[in-house]
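Examination of the molecular architecture
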Amino acid sequence: VRSRAILTTLLSFVFVLGVLVFVHEMGHFLVAKKCGMKVEQFSLGYPPKAFGVRYGETEYLVSWLPLGGYVKVAGMSDFGKDNPEGQPWEFQSKPRWMQASVMAAGPAMNVILAFILILMIRVAYGEYAYLNSTMLGGVTESSALYEAGIRSRDEVRQVNGQTVTNWAGVIEELAGSLGQRTDILVEREGGQIVKSVMLDADITKLGVVPPLKPRVGQVVPGHPAENIGLQGGDLITAVNGQSVVTWWEMSQIIQTRPGEEVTITWVREGDGNGELSAVVTPRANEVNGETVGRIGISQLRARVPVEFGSAVSRSGVELWNFTSSIFQFLQRLVSGQGSSNELAGPV
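Report follows, based on the coordinates. (Residues numbered from 1 in each chain as written. Predicted model: local features only at pLDDT ≥ 70, side-chain atom pairs only at ≥ 80, totals over all residues. Heavy atoms only, no water.)

1. Side note on the layout of surface pockets
- Of the volumes computed, that of the second largest pocket is approximately 530 Å³.
- The wall of the second largest pocket is formed by 23 residues, among which E141, W248, Q252, Q255 and T256 lie closest to the centre.
- Those elements that place two or more of their residues in the lining of the second largest pocket are β12 (242-243), α6 (247-255) and β16 (290-294).
- Sort the elements by how many residues they give to the lining of the second largest pocket and α6 lands first, with five residues.
- Tallied by class, the residues present in the lining of the second largest pocket amount to seven nonpolar, 10 polar and six charged. (1 Å grid on protein atoms, 1.4 Å probe; cavity = no way out; pocket = protein on both sides within 12 Å on 5 of 7 lines; lining within 4 Å. Points joined across faces, edges and corners; volume = space filled by probe spheres on them. Helix = DSSP H or I, 4+ residues; strand = E, 2+ residues; numbered from the N terminus. Nonpolar A, V, L, I, M, F, W, Y, C, P; charged D, E, K, R; others polar.)

This is the structure we're talking about:
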């Protein structure tokens, strides 16, 4: 089983990296051809050559080292001949702006690919319903926000005077204020209050949880939730008589009661019987050295359709946020505020 997992990971890495490399090199290739440059080779992978085929003036290759790729333009010295002859189709014979365009086309294609993928996912699957909310689904007790008095169910209205209208806006403004004294305007029970918070510089310690409803996605066979009749789609409304409106609130109560009886109350769509209730005993599970309770249910993350125009603008914002987070992490890494343990690959 372990060898199969390793093989799957390895093949996934090669596939994902192959797509990224192909799109990147295609950018160099297309712009070079558009600028009248002769492209001698287009290779997926680094030498030595595995196999290839020549079509026109270009040899298309697959090489043995699957760690990147290259486009060999006449007059360039990456691979092959490296002494320009002054021919009009060579890289060095073209104006500087054309040379710069060829060099920039690779990264630009990767950015375009990222935007298209985000847009496709958003159009095909819609977006999570919670993204249209600014309510905090949960606030961890170890966070600076909790210490400042911000709690689950608070509706964030402004961060440092900037109005936020959706979950992405909340995260974007908080992420932009890491390591700084931040004024957060929240609405609670019809009133508005301002909390001044010194945010941690590490975004992983922000401590906010999205407002996912406590709706059951799947029930694990043989676990306590199945024994009391919980089903996918059921909405949990209370645990031990305590009202819950987010998944985080519900899970916090259950996690702290391993091996203890708790009463679960829920409603089922299309069921005219009103609220259902049953007693269940969460199983004890070890998570990061801590014993927590589990009843064997997963979240149902409801999606809602999104208009194409909105999908385009939201995808652009999301791409910007992803890109910005990369540079913000690199800044924290160089300054010593981040950890190399946060690094991750494309898979």
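2. Brief notes about the side chain of T182
- Here T182 lies in strand β7 (residues 181-188).
- Among the polar contacts listed, one links the side chain of T182 to the backbone oxygen of Q180, at a separation of 3.2 Å.
- Not counting residues up to four positions away in its chain, the partners in contact with T182 are V159, N160, S177, K195, S196, V197 and L199. (Polar contact = N/O pair within 3.5 Å; in protein donor to acceptor, adjacent residues only side chain to side chain. Contact = heavy atoms within 4.5 Å.)

3. Some words on the sheet that holds strand β14 (residues 276-280)
- Taken in spatial order, the four strands line up as β12-β11-β13-β14 in an open sheet, and their pairing is antiparallel. Only two strands of the sheet have a single partner each, and these edge strands are β12 and β14.
- Strand direction decides the pairing type here: strand β11 (residues 235-239) and β12, joined by two bridges, are antiparallel. Across the sheet, the residue bridging to V239 is Q242, located in β12.
- Along the sheet, α6 makes contact with β11, β12 and β13 (262-267), crossing β11 at roughly 50°. (Pairing = 2+ DSSP bridges. Axes fitted to C-alpha atoms, helices over the stretch in contact; angles between N-to-C directions.)

4. With respect to the sheet that holds strand β8 (residues 191-198)
- If you trace the four strands from one edge of the open sheet to the other, you get β6-β5-β7-β8, paired in antiparallel fashion. The open sheet has two edge strands with one neighbour each: β6 (162-163) and β8.
- Taken together, the two bridges between strand β5 (residues 155-159) and β6 define a ladder with antiparallel strand orientation. The partner of Q158 across the bridge, within β6, is T163.

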